[in-house]
Amino acid sequence: MRRNSMTEKSVLVTDERDFAVERQRLRESIDHFAAGGPSVCTKHPHFFFGPLTPLEWSVLMYQHLDHHLRQFGV
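Below is a short write-up of the structure. As the structure is a computational prediction, the values presented were derived from the model and not from experiment.

## Structural notes on the overall build of the chain
Next, step 1: Scanning the chain from terminus to terminus reveals 2 helices and 0 strands.
Next, step 2: When each of the 74 residues of the chain is scored for burial, the buried share is 9%.
Next, step 3: In the form shown here, the chain has an accessible surface area of approximately 6800 Å², with 58% of it arising from carbon and sulfur atoms.

The following block contains the structure:
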């Protein structure tokens, strides 16, 4: 994907969120994924890439999270 590509409208957060709650939710999601591995990834097609295997989903989610953590210096 190109740098500064538009975000898919279906995943935009447009309401107010509590940062502490969202941070905890992310931590729980990471723990859930670490415990279950690719088998706990969604079976739904990606909005841009289409159908993905659980392994492809897991790699994509890792890269996406890593991108945003680096983006914000975490």
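Now that the structure has been shown, the text picks up again.
## Looking at the packing of aromatic side chains
Next, step 1: Inspection of every chain in the model, using the stated rule, returns 1 aromatic pair.
Next, step 2: Between the aromatic rings of Phe48 and Phe49, the centroid separation amounts to 5.0 Å while the plane-to-plane angle is 90°, which identifies the pairing as edge-to-face.
Next, step 3: Judged by its relative accessible area of 53%, Phe48 falls in the exposed class.
Next, step 4: Look at Phe49 and you get partly exposed, because its relative accessible area is 40%.

## Considering helix H2 (residues 54–71)
Next, step 1: For H2, with 18 residues, the first-to-last C-alpha span of 25 Å sits near the 26 Å given by 1.5 Å per residue.
Next, step 2: Against the buried residues of H2 lie helix H1 (19–36).
Next, step 3: Downstream of H2 by one or two residues, Gly73 has phi in the positive range, about 70°.

## So, the pattern of salt bridges
Next, step 1: Applying the stated criterion across every chain yields a total of 4 salt bridges.
Next, step 2: Among the salt bridges present, the one from Arg17 reaches Asp15, with a minimum N-O distance of 2.9 Å.
Next, step 3: Arg17 gets classed as partly exposed once you look at its relative accessible area, which sits at 43%.
Next, step 4: Overall, the relative accessible area of 46% leaves Asp15 in the partly exposed class.
Next, step 5: Through salt bridges with shared partners, one network takes in Asp15, Arg17, Glu22 and Arg25.

## A look at a nonpolar patch on the surface
Next, step 1: Taken together, the side chains of Val11, Phe47, Phe48 and Phe49 define a hydrophobic patch exposed on the protein surface, amounting to about 420 Å² of accessible area.
Next, step 2: The topology assignment puts Phe47 in the loop between H1 and H2.

## Details of the layout of surface pockets
The gaps left among the atoms become clear once a water-sized probe is rolled over them.
Next, step 1: Quantified by volume, the largest pocket comes out at close to 2600 Å³.
Next, step 2: Looking at the lining of the largest pocket, the elements that each hand over two or more residues are H1 and H2.
Next, step 3: Here the lining of the largest pocket is built from residues that sort into 22 nonpolar, 14 polar and 9 charged.

Scoring rules and cut-offs
Residues numbered from 1 in each chain as written. Predicted model: local features only at pLDDT ≥ 70, side-chain atom pairs only at ≥ 80, totals over all residues. Heavy atoms only, no water. Helix = DSSP H or I, 4+ residues; strand = E, 2+ residues; numbered from the N terminus. Buried < 20%, exposed > 50% of the residue type's maximum accessible area, 1.4 Å probe, protein only. Areas by Shrake-Rupley, 256 points an atom, 1.4 Å probe, with all protein chains shown as cover. Phe/Tyr/Trp six-rings, centres within 6.5 Å; stacked < 30°, edge-to-face > 60°. Expected span 1.5 Å × (residues − 1). Contact = heavy atoms within 4.5 Å. Salt bridge = Lys/Arg side-chain N within 4 Å of Asp/Glu carboxyl O. Patch = residues over 30% accessible without salt bridge, like charges linked within 9 Å, V, L, I, M, F, W, Y side chains within 5 Å. 1 Å grid on protein atoms, 1.4 Å probe; cavity = no way out; pocket = protein on both sides within 12 Å on 5 of 7 lines; lining within 4 Å. Points joined across faces, edges and corners; volume = space filled by probe spheres on them. Nonpolar A, V, L, I, M, F, W, Y, C, P; charged D, E, K, R; others polar.

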